[in-house]
Amino acid sequence: MARYGSLLEAVGGTPLVGLPRLSPRWEDGERAVRLWAKLEDRNPTGSIKDRAAAMMIAAAEADGRLTPGCTILEPTSGNTGISMAMVAKLKGYGMVCVMPENTSEERRQLLEMFGARIISSPAAGGSNQAVAMAKKLAADNPDWVMLYQYGNPANAQAHYEGTGPEILADLPTVTHFVAGLGTTGTLMGTGRFLREKVPGIQIVAAEPRYGDLVYGLRNIDEGFVPELYDDSVLTTRFSVTSYDALRRTRDLVEQEGIFAGISSGAILHAALGVAEKADKAGERADVVFIIADGGWKYLSTGAYAGSLQQAAERLEHQLWA
Amino acid sequence: MAVEVKIPTILRTYTGGAKTVPGDGANLSALLDDLDARYAGLKGRLITEDGSLHRFVNVYVNDEDVRFTGSLDTALSDGDSVTILPAVAGGS
């Protein structure tokens, strides 16, 4: 279907495209080892987060937490805030985002354009501090509604009902699903759905690894694991450096023409890891991975300019996922 | 089994500020004992009283999370890279 009554109805239904150049063995049959990219940048605001935002807001309306005139509050380094701000605008809610100050300039401008108010949290505290600040603001402002992407079951449900079934319908032979690990919503929802339907499927997490400054904790006990996270859904989990993420982001555009954000490069890195392992073992593999957003919002980070080494060093101390 | 161990900022007080230290051990558990012999107290920050990995600590061998490869029993080979990181909020 290509006609929709409103932008909100156009969330999801994204294309799944094959990557013949980056795949270890692009062929049909028992030795095929193929990579498939699910282009989530084709969502209305340009990222996979439209799915979770639309579902979390619909769920909060259904259970009565969100009523006309309410203001939504969310800790976010960008995409979730942009998605929520779009939905909030169309539905008439206010939007406040708590965001670490070391996120890209484009994300701030987009949020402001969509009408969101930004409250900055210190760069040194990373996302952990943004989450803590948002929780305190929610407690201090009872009329603000925090949907809380890290613990809201509707975040994962959006992928259980959307992303998962779309992948299975488009590629019934899927053997691996690879996505980024942040709130964990994409992996939990899609992973649970695919595990129920595809025996032996592997669910693989790619987690961004930043430079020291981004891990601004004073001690281990300030650490954070999202409430949604259940490690029994995953088969394995890889930590991907800024360098590897950036290298693969450039591979995507240079070899397959896909201009993606940096977290998608990290996801491709993990996808290639499992694909090459299957190829060495002589096993068939259809590896689906997520393109979480396009590269537009990261141009000002310098990710696409100059040598890989220089660009990776610039990225070390920024939140790129 | 000589391996390289990357230490996060918040634990460098134990390693005299060193970002990377060499270590030895046939598996992760043996490696942590080896490190603790030289950097007293480090192991206690990573392992809880019941002997499991601290909830807010992630350890990776060659970039793969050890919770999916046998946890403290994860085998190590010469030249492996071990990375210790605190758990932080990701997502966007």
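Here the structure is a predicted model, which means the values were calculated and not measured.

Enquirer: Which residues make up the pairing of strand β3 (residues 57–61) of chain B, and what are the values?
Expert: Residue and element names in this part refer to chain B. The buried fraction of β3 is high, at four of five residues. Here five bridges tie β3 to strand β5 (residues 81–86), and the two strands are oriented antiparallel to one another. Bridging across to β5, Val59 finds its partner in Ile84. The pairing of β3 with strand β4 (residues 64–65) spans two bridges and is classified as antiparallel. Paired with Val61 across the bridge in β4 is Glu64. Where β3 folds back on β4, the antiparallel hairpin that results is connected by two residues, among which Asn62 adopts a positive phi of roughly 50°.

Enquirer: I'd love a proper account of unusual backbone geometry, names of residues and values included.
Expert: For Thr184(A), which is not glycine, the phi torsion reads 80° and is therefore positive. Looking at the element boundaries, Thr184(A) is found in the loop between β7 (176–180) and α6 (185–197). One non-glycine residue, Ser71(B), adopts positive backbone phi at about 50°. The class of Ser71(B) is partly exposed, set by 15 C-beta atoms lying within 10 Å.

Enquirer: Account for the sheet that holds strand β4 (residues 94–100) of chain A, with residues named and values stated.
Expert: Residues and elements named next belong to chain A. If you trace the four strands from one edge of the open sheet to the other, you get β5-β4-β3-β6, paired in parallel fashion. Only two strands of the sheet have a single partner each, and these edge strands are β5 (117–121) and β6 (144–146). With direction set aside, neighbouring strand axes in the sheet form an average angle of 25°. Judged from the three bridges that link them, strand β3 (residues 71–75) and β6 form a sheet pairing that is parallel. Along β6, the bridge assignment pairs Leu73 with Met146.

Enquirer: Talk me through the pairing of β3(A); I want residue IDs and the actual numbers.
Expert: The element β3(A) is largely enclosed, with a buried count of four among its five residues. Handedness of the crossover is the feature at issue here: the chain leaves β3(A), passes through helix α2 (residues 79–91) of chain A, returns alongside β4(A), and the resulting connection is right-handed.

Enquirer: I'd love a proper account of the interface of chain A and chain B, names of residues and values included.
Expert: On the side of chain B, 23 residues touch chain A, which itself brings 37 residues to the contact. Ranked by the residues each element gives to the side of chain A that touches chain B, the list is headed by strand β9 (residues 236–241) of chain A, at five residues. Grouping the constituent residues of the side of chain A that touches chain B by class yields 13 nonpolar, 16 polar and eight charged.

Parameters at a glance
Residues numbered from 1 in each chain as written. Chains lettered and ligands numbered in written order. Predicted model: local features only at pLDDT ≥ 70, side-chain atom pairs only at ≥ 80, totals over all residues. Buried ≥ 20, exposed ≤ 12 C-beta atoms within 10 Å, placed from the backbone. Helix = DSSP H or I, 4+ residues; strand = E, 2+ residues; numbered from the N terminus. Pairing = 2+ DSSP bridges. Axes fitted to C-alpha atoms, helices over the stretch in contact; angles between N-to-C directions. Right-handed = clockwise from strand over helix to strand, strands pointing away. Contact = placed C-beta atoms within 7 Å. Nonpolar A, V, L, I, M, F, W, Y, C, P; charged D, E, K, R; others polar.

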